[in-house]
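Survey of secondary and tertiary structure
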Amino acid sequence: MKTRPLAHGQTAITRRRFLQAGALGAAGMVLAPRPTTAQARRPPNLLFIQSDQLSVRALSAHGCSQVRTPNMDRLIRRGVSFRLSFSANPVCCPARSCWYTGRASSETGVVLNERKIVKDMPDLGQWFGARGYEPVYAGKWHVPGRPLDQSFRVLTCGHPVGEHGDAAISRAVEGFLLGDRGDKPFFLSVGLLQPHDICYWAMRHMKDIGALPYPSLADQLPPLPANYQFDPREPETVRKPWRESKFWAYLRDWSELHWRYYIWSYYRHVEMVDAEIGRVLDALDDSGLAQDTVVFFSADHGDGMGCHRLIQKHYLYEQAVGVPFVVSWPGRAPEGVMDATHLVSGLDLAPTLCDYAGIEAPPKARGRSLRPLIEGKPTEWREFLVSESNIRGRMVRTSEFKLITYKGDPTEQLFDLRADPWETRNLIAEARCADVISDLKKRLDEWESRLAPAPIEG
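The text that follows walks through the structure, step by step, so that each part is easy to find. (Residues numbered from 1 in each chain as written. Predicted model: local features only at pLDDT ≥ 70, side-chain atom pairs only at ≥ 80, totals over all residues. Heavy atoms only, no water.)

This part is about helix 3 (residues 92–101). The buried fraction of helix 3 amounts to 10 of the 10 residues, a majority that puts the element mostly inside the structure. Of the positions making up helix 3, those classed as buried are Cys 92, Cys 93, Pro 94, Ala 95, Arg 96, Ser 97, Cys 98, Trp 99, Tyr 100 and Thr 101. Looking one or two places after helix 3, you find Gly 102, whose phi comes out positive at around 80°. (Buried < 20%, exposed > 50% of the residue type's maximum accessible area, 1.4 Å probe, protein only. Helix = DSSP H or I, 4+ residues; strand = E, 2+ residues; numbered from the N terminus.)

This is the structure:
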C-alpha cells in the first residue's frame with residue numbers, strides 16, 4: 001500500500017496501520033482482542049451488516065433519486081441485489097428472531113417486540129460457534145429473552161435495543177477487522193440503528209409544521225408518493241390503530257408539506273447509516289480480508305415513507321415489508337446483478353449463511369439458501385412466500401398478487417402488483433378474483449401446516 005503525504009509534508013503511515021491504531025485506541029466500546037496467531041482460513045468469513053427500518057425503495061442504486069447511498073450502492077455493484085426481498089415480520093424483534101433462527105416468528109415466540117424467544121431454540125451465534133466459527137456481534141441485537149453474550153463475542157456494550165450511535169458501532173467493527181482476530185473464520189454481525197431514529201423525528205414534529213422550518217429546502221423536498229391517496233377498505237387491524245386511534249391522531253393533521261418534509265428527513269437518516277456502512281466496508285478492504293469474506297446486507301423492516309399516509313412499520317404494505325437483501329463476494333461470486341424475479345424472505349438468511357460456511361442449516365429452518373440463485377445455477381424456486389405481522393396477520397405474496405389477511409378480521413386485501421404496484425386498489429370483493437383468492441389461501445394453509453407455533457403467552 002502506498003504512503004500518502006501529510007499536510008506538513010511528512011510521510012504518512014499506511015492507511016491500514018493508521019486505522020488499526022485509531023480504531024483500537026478511540027473505540028472505547030471495543031473489548032480487548034483475544035490472543036491470536038496468523039492463519040489461512042478455509043471456510044469464508046461471514047459479515048452480516050443490518051440496518052433498521054430501511055425500505056428496499058430507499059437506495060439510490062434501486063432508483064431512488066432523492067437519496068445518496070454510495071456505500072450501499074457499492075455493495076450492490078459488488079454483488080447480487082434481490083429486489084423482491086421481504087421481511088419475515090415487519091417489526092424489529094420478530095424480524096430479528098427470524099434472521100437468527102431461520103424460523104417463522106410464530107415459532108420463535110417473538111410475535112411482538114416484547115415477547116421472548118423460545119429458550120431452547122438455537123440462534124446463529126450458538127450454531128456457528130459450535131461449528132468452527134467465531135461468532136462476533138456489534139450493535140443492536142433486540143432479541144428478547146436471549147442475552148447477546150451467551151451467543152456471541154460482543155464488541156460493544158450499551159442499550160440492549162441499540163440506542164447508541166452507529167459511529168461507535170462501525171468503529172468497533174473497524175477495530176476488530178484491523179486487529180488480531182484469532183485463527184478461526186468469523187461470523188460477524190453488525191447491527192446498525194439508522195434510519196430507525198426517524199421515529200423520534202416524528203415524535204418531535206407531531207404538530208403540523210405550518211410553514212417549512214428551513215425554506216431553503218423547498219426545492220429539495222420529495223414529491224408525495226403515488227399512493228398518498230389510498231383505498232380505505234383496510235382490515236380493522238390496520239385501520240383502527242392507524243386511522244382512528246388517539247395515538248396516531250397527529251398524522252391525520254399533517255399537511256402535504258409536512259409529509260414531504262418527513263420523507264426528506266427519512267432519506268437523511270438513510271444517508272447517516274450509509275456513511276457507517278462505508279466505514280465497515282473500508283475497514284474490510286484495508287484488512288486484506290475482502291476476498292475471504294462474504295458480505296450480507298439487509299434490514300429488519302422498511303418504513304411507510306408517507307405511502308398510504310403511514311410511517312414506521314407493523315403492517316404488510318410494500319414499503320414496510322419490502323427490504324434490501326444483498327450478497328457480495330467480489331471475485332468469487334457474480335457482481336452487479338439485480339434480481340427482480342425471485343421472491344426472497346428474511347428466513348433465507350440463515351440457510352444462505354450456513355451454505356457458504358459449509359455447515360448444515362439450523363433445525364427446521366423455513367427458508368432456502370440463495371447461493372444457487374447468486375451463482376446462477378439452475379434451481380427450482382418458490383412461487384410464493386408468507387410474512388407474519390401482529391400475531392394474526394399474514395401476507396401471501398407471489399410475483400403478481402398479494403393477499404393480506406388477519407385471522408378474525410372481516411376485511412381482507414388483495415392487490416394485483418403488476419397492474420397496481422402501489423397497492424391503491426383492493427380487489428378482494430371482485431368476483432373475477434375469486435380463484436386467485438382461493439389459490440392464495442390454499443398456499444397459506446399449506447405453509448402454516450408445516451409450522452410448529454410456540455405457545456402465545458399473555
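Right, picking up where we left off after that structure.
Tracing the backbone shows Ala 299 in strand 7 (residues 293–299). The class for Ala 299 is buried, based on a relative accessible area of 2%. With 203 residues separating them in the primary sequence, Ala 299 and Arg 96 have C-alpha atoms 9.2 Å apart. Excluding anything up to four places from it in sequence, Ala 299 contacts Ser 51, Leu 54, Trp 99, Val 323 and Pro 324. (Contact = heavy atoms within 4.5 Å.)

There is a patch of nonpolar side chains on the surface, built from Tyr 200, Met 203 and Met 206 and spanning about 280 Å² of accessible area. According to the relative accessible area criterion, Met 206 is partly exposed, its value standing at 37%. (Patch = residues over 30% accessible without salt bridge, like charges linked within 9 Å, V, L, I, M, F, W, Y side chains within 5 Å. Areas by Shrake-Rupley, 256 points an atom, 1.4 Å probe, with all protein chains shown as cover. Salt bridge = Lys/Arg side-chain N within 4 Å of Asp/Glu carboxyl O.)

A cis geometry characterises the amide bond from Gln 194 onward to Pro 195, with omega recorded as 5°. As for its position among the elements, Pro 195 is in the loop between strand 6 (186–191) and helix 7 (198–204). A positive phi angle, close to 60°, is found at His 308, a residue other than glycine. Here His 308 is to be found in the loop between strand 7 and helix 10 (318–321).

Moving on: the packing of aromatic side chains. Per the counting criterion, the structure on display carries 31 aromatic pairs. Centroid distance Trp 201 to Trp 254: 6.5 Å. Interplanar angle 90°. Geometry classified as edge-to-face. Within this pair, whereas Trp 201 is found in helix 7, its partner Trp 254 is found in the loop between helix 8 (236–244) and helix 9 (256–287), the two being separated by 53 residues in sequence. Ring geometry for Trp 248 against Tyr 250: centres 6.1 Å apart, planes inclined by 45°, an arrangement best described as tilted. Summarising the burial analysis for this pair, Trp 248 and Tyr 250 share the class buried. In this structure, Arg 57 packs its charged tip against the face of Trp 422, placed 4.7 Å from the ring centre. (Phe/Tyr/Trp six-rings, centres within 6.5 Å; stacked < 30°, edge-to-face > 60°. Lys NZ or Arg CZ within 6 Å of the ring centre and 35° of its normal.)

Taken in spatial order, the four strands line up as 11-12-13-14 in an open sheet, and their pairing is antiparallel. Each having just a single partner strand, strand 11 (385–389) and strand 14 (413–416) make up the two edges of the open sheet. The average undirected angle you get between the axes of adjacent strands in this sheet is 15°. Here strand 13 (residues 401–406) runs beside strand 14; their pairing, made up of four bridges, is antiparallel. Within the sheet, the bridge partner assigned to Lys 402 lies in strand 14 and is Phe 415. Seen against the sheet, helix 13 (residues 434–449) touches strand 11, strand 12 (393–397), strand 13 and strand 14 and runs at an angle of roughly 65° to strand 13. (Pairing = 2+ DSSP bridges. Axes fitted to C-alpha atoms, helices over the stretch in contact; angles between N-to-C directions.)

On to the pattern of salt bridges. With the rule as written, the count across this model stands at 32 salt bridges. The shortest N-O distance in the salt bridge between Glu 107 and Arg 103 comes to 3.2 Å. Relative accessible area serves as the criterion here: at 9%, Arg 103 is assigned to the buried category. With its nearest N and O atoms 2.8 Å apart, the salt bridge here joins Lys 402 to Glu 423.

A few words now on the packing of helix 2 (residues 70–77) against helix 9. Here helix 2 crosses helix 9 at 50°, and the two axes come no closer than 7 Å. Put simply, helix 2 runs oblique to helix 9. Between helix 2, through Pro 70, Asn 71, Met 72, Arg 74 and Leu 75, and helix 9, the contact on the second element is made entirely by Val 270, Val 273, Asp 274, Ala 275, Ile 277, Gly 278, Leu 281, Asp 282 and Asp 285. Grouping the constituent residues of the contact of helix 2 with helix 9 by class yields eight nonpolar, two polar and four charged. (Parallel < 35°, antiparallel > 145°, perpendicular 65-115°, else oblique. Nonpolar A, V, L, I, M, F, W, Y, C, P; charged D, E, K, R; others polar.)

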